[in-house]
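Take a look at the letters that make up each chain.
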Amino acid sequence: MQPTVLINHHRQTAIIVAKQGNKLQLIKLGTGQLTVSSLTAAKIETLGYRVSDYSPCEAAQTYLRHGAGVSKRAKMYLEQIIQNRIPGILNLI
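Residues numbered from 1 in each chain as written. Predicted model: local features only at pLDDT ≥ 70, side-chain atom pairs only at ≥ 80, totals over all residues. Heavy atoms only, no water.

1. With respect to the sheet that holds strand 1 (residues 4-7)
Spatially, 4-3-2-1-5 is the arrangement adopted by the 5 strands of the open sheet, whose pairing is antiparallel. Two strands in the sheet have a free side with no partner beyond their single neighbour: strand 4 (36-40) and strand 5 (50-51). In terms of strand pairing, strand 1 meets strand 5 through 2 bridges, oriented antiparallel. Paired with Ile7 across the two strands is Arg50, which belongs to strand 5. On top of the sheet, helix 2 (residues 56-64) reaches strand 1, strand 2 (13-20) and strand 3 (23-28); it is set at about 105° to strand 2, its chief contact. Helix-sheet contacts for helix 3 (residues 72-82) involve strand 2, strand 3 and strand 4, and the interaxial angle to strand 2 is about 95°. (Pairing = 2+ DSSP bridges. Helix = DSSP H or I, 4+ residues; strand = E, 2+ residues; numbered from the N terminus. Contact = heavy atoms within 4.5 Å. Axes fitted to C-alpha atoms, helices over the stretch in contact; angles between N-to-C directions.)

Here it is in structure tokens:
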């Protein structure tokens, strides 16, 4: 799975970190603690997200410094992105 950074029309970002069945696991940057959410590709598109060319590694480093904290599961994915340990390729939208 290739991590992918998304951005919407409000300039909010998210990182797709995994695929589970027909849903994508993503971490959305927001005001509260960062957690992993499950959404379909169609829902992600409905929310206005599109693929960005921003580096997943740089985004992951920024997310880990999030002031409101990062859940254990989200932290695990972000650290794997930084260490380049997430295998496979993701085909999205």
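So, next bit.
2. A few points about helix 3
When helix 3 is considered as a whole, its buried residues turn out to be Ala74, Tyr77, Leu78, Gln80 and Ile81. Seen from one end, helix 3 has its buried residues packed into an arc of 160°, which puts them on one side. Buried-residue contacts for helix 3 involve strand 2, strand 3, strand 4 and helix 2. Following helix 3 by one or two positions, Asn84 has its phi on the positive side, about 60°. (Buried < 20%, exposed > 50% of the residue type's maximum accessible area, 1.4 Å probe, protein only. Arc of directions from axis to C-beta.)

3. A closer look at the confidence of the model for the protein
In this model, the protein carries a mean pLDDT of 90, and residues with pLDDT of at least 70 account for 89%. Here helix 2 is the element of the protein with the lowest mean pLDDT, 93, and strand 4 is the one with the highest, 97. (pLDDT = per-residue confidence, 0-100.)

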